[in-house]
Amino acid sequence: AFIPKNIIVTGGCGFIGSNFVHYVVNNHPDVHVTVLDALTYAGNLENIKPLLGDQVEFVHGNICDAKLLDELVPGHDAIVHYAAESHNDNSIANPEPFLKTNVEGTFRLLEAARKYDVRFHHVSTDEVYGDLALDDPAKFTEETPYHPSSPYSSTKASSDMLVRAWHRTYGLRTTISNCSNNYGPYQHVEKFIPRQITNIIEGIRPKLYGDGLNVRDWIHTEDHSSAVWTILTTGCIGETYLIGANGERNNLTVLKDILRVMGQPEDAFDWVKDRPGHDRRYAIDSTKLQTELGWRPTHTDFESGLRQTVQWYVDNPQWWEPAKAATEAKYKAQGQ
Ligand code: NAD
Ligand code: DAU
């Protein structure tokens, strides 16, 4: 197994990256973490503030900054790369930052990793595979051809391709993980589940796109973190692993679950305009990760994970309120 001592976590102030930093602190006290984050609208230093000290250090900077990477990367033995522009609707409204961060940023990190011979784990998404029909028994596997639909997913697909090329051409020690939809505390209010929870708290009716039958394969973010750690430390160099926890549900079902958990009538929501190019269904087959590396998800009860998530947003309005009004104004301007 690869035992890292000193890792860089890019995007470690975002939803999933900060969960991974907590995971490392809780489970691997000997590993030093340098968080590199630009603190975009999606990054919040509060997510890791209680951890800052001897084990966790924060560097405010951009992954596109080659000079900064030249100073930062030497002395580290792995980069775990979460930083990205992550929201599909934003990528449809304005794709350019997605090209910069997701493609150019990944390129800059790969070049720094090559120069200083640093192990590289790339965090990616199941959206690179496009979508499946609702009645298709198939799920995505590591062999599924790439077929991204949105500006966001096409930039993530591009970044995956760069990682593969840097492994094959330069022998860089890389692994890639493609995970399904995450949920849990600290997720930005632009995303589906937190948007609806915080709408209900604020007395705004939840908003469902299209016919509400699009399926997402939900996984708790703590299970994503344990999977990334497993792949970083025991994954085979050059390989891709799919991460998922058999959590397929359509959006209408998830919204009704949220309404029920929050004591609302199940029809207390608005149907709104569909997302252009909206992927129909994602589904992950994580057999390779489970059989070859022995990983298992622990949050397998979606209802209880959702209750815990609702409670977190109820208990932490100071965390999400500052972003809420601007997020809703943006959606309103788009008719969503
Ligand atoms: P997020 O939007 O919550 O956080 C992204 C973080 O990256 C923020 O802290 C932001 O400040 C930082 N960042 C953005 N641009 C940067 C730049 N140029 N330089 C440095 N830092 C920058 O995203 P998330 O939902 O936590 O997703 C994290 C990663 O996981 C992404 O790579 C995403 O593609 C991938 N992923 C997400 C999901 C999901 O369901 N959210 C599922 C699978 C994979
Ligand atoms: O599959 C992994 C991907 O999951 C990640 O790569 C992305 O970073 C992450 O944002 C997420 O992408 P989605 O587009 O699936 O997530 P989002 O939360 O934006 O939407 C989930 C579903 O809910 C999708 O079918 C659109 C729908 N939706 C979304 C919003 C914000 C609504 O019906 N209403 C809404 O208000």
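Our subject is the structure listed above.
Here the structure is a predicted model, which means the values were calculated and not measured. Residue numbers here run from 1 along each chain, matching the order of that chain's written sequence. A letter from A marks each chain and a number from 1 marks each ligand, given out in the order of writing. Totals for whole chains, interfaces and linings use every residue, but because this is a predicted model, local features are given only for residues with pLDDT of at least 70 and side-chain atom pairs only at 80 or more, for both listing and counting. To obtain the side-chain values, all non-hydrogen atoms of the structure were used and water was disregarded.

Asker: Sorry, what's going on with helix α8 (residues 251-261) here?
Answerer: Spacing of three or four residues puts side chains on the same side of an α-helix, whose turn is 3.6 residues. Counting buried residues along α8, eight of its 11 residues qualify, which places the element largely inside the surrounding structure. Summary of the burial criterion: residues with accessible area below 20% of their type's maximum are buried, those above 50% are exposed, and those between are partly exposed, where the area comes from a 1.4 Å probe applied to protein chains only. Only DSSP runs of H or I reaching four residues or more are called helices, and only runs of E reaching two or more are called strands; each is numbered from the N terminus. For α8, the full list of buried residues reads Asn251, Leu252, Val254, Leu255, Asp257, Ile258, Leu259 and Val261. Any two residues whose heavy atoms approach within 4.5 Å are treated as being in contact. Its buried side turned inward, α8 meets α6 (192-202), β8 (207-209), β9 (215-217), β12 (248-250), β13 (270-272) and α10 (302-315). Here α8 starts with a cap whose side-chain oxygen sits 3.2 Å from the backbone nitrogen of Leu252, and that cap is Asn250. N or O atoms within 3.5 Å of each other form a polar contact, as long as, within protein, one can give a hydrogen and the other can take it, and as long as residues adjacent in sequence are counted only when both atoms are side-chain atoms.

Asker: Would you mind going over the site of ligand 2 with me for this structure?
Answerer: When at least one non-hydrogen atom of a residue lies within 4 Å of a molecule or strand, that residue is treated as near it. Around ligand 2 there are 25 residues in total, and Thr125, Asp126, Tyr152, Arg275 and His278 lie nearest to it. A distance of 2.9 Å is found between a nitrogen atom of ligand 2 and a backbone nitrogen or oxygen belonging to Lys207. A 1.4 Å probe and the Shrake-Rupley method give the accessible areas. Residues count as covered only by the protein chains that appear here. Considered on its own, ligand 2 offers 690 Å² of accessible surface; in the complex 95% of this is hidden by protein. Elements represented by at least two residues in the shell around ligand 2 include exactly α6 and β8. All residues other than Ala, Val, Leu, Ile, Met, Phe, Trp, Tyr, Cys, Pro, Asp, Glu, Lys and Arg, Gly among them, are scored as polar; the first ten of these are nonpolar and the last four charged. Looking at the shell around ligand 2 residue by residue, the classes come out as seven nonpolar, 10 polar and eight charged.

Asker: Explain the pattern of salt bridges to me, please; I cannot follow it from the model alone.
Answerer: Side-chain pairs of opposite charge can arise whenever the charged atoms involved come near each other. Put simply, a salt bridge is a Lys or Arg side-chain nitrogen that is within 4 Å of an Asp or Glu carboxyl oxygen. With the rule as written, the count across this model stands at 20 salt bridges. For Lys191, the salt bridge identified is with Glu190, shortest N-O distance 2.8 Å. The exposure class assigned to Lys191 is buried, which follows from its relative accessible area of 16%. What makes Glu190 buried here is its relative accessible area of 4%. Because the salt bridges share partners, they merge into one network encompassing Asp257, Arg260, Glu303 and Arg307.

Asker: How should the site of ligand 1 be read in this particular structure?
Answerer: Close to ligand 1 lie 28 residues, the nearest being Ile16, Asp37, Ser86, Tyr152 and Lys156. Between ligand 1 and Phe15, the relevant distance is 3.2 Å, taken from an oxygen atom to a main-chain nitrogen or oxygen of the residue. In this structure, an oxygen atom belonging to ligand 1 sits 2.7 Å away from a side-chain N or O atom of Lys156. Among the secondary structure elements, those contributing two or more residues to the shell around ligand 1 are α1 (15-27), β5 (119-125) and α5 (151-170). Looking at which element gives the most residues to the shell around ligand 1, the answer is β5, with three residues. Of the residues in the shell around ligand 1, the class split is 13 nonpolar, 13 polar and two charged.

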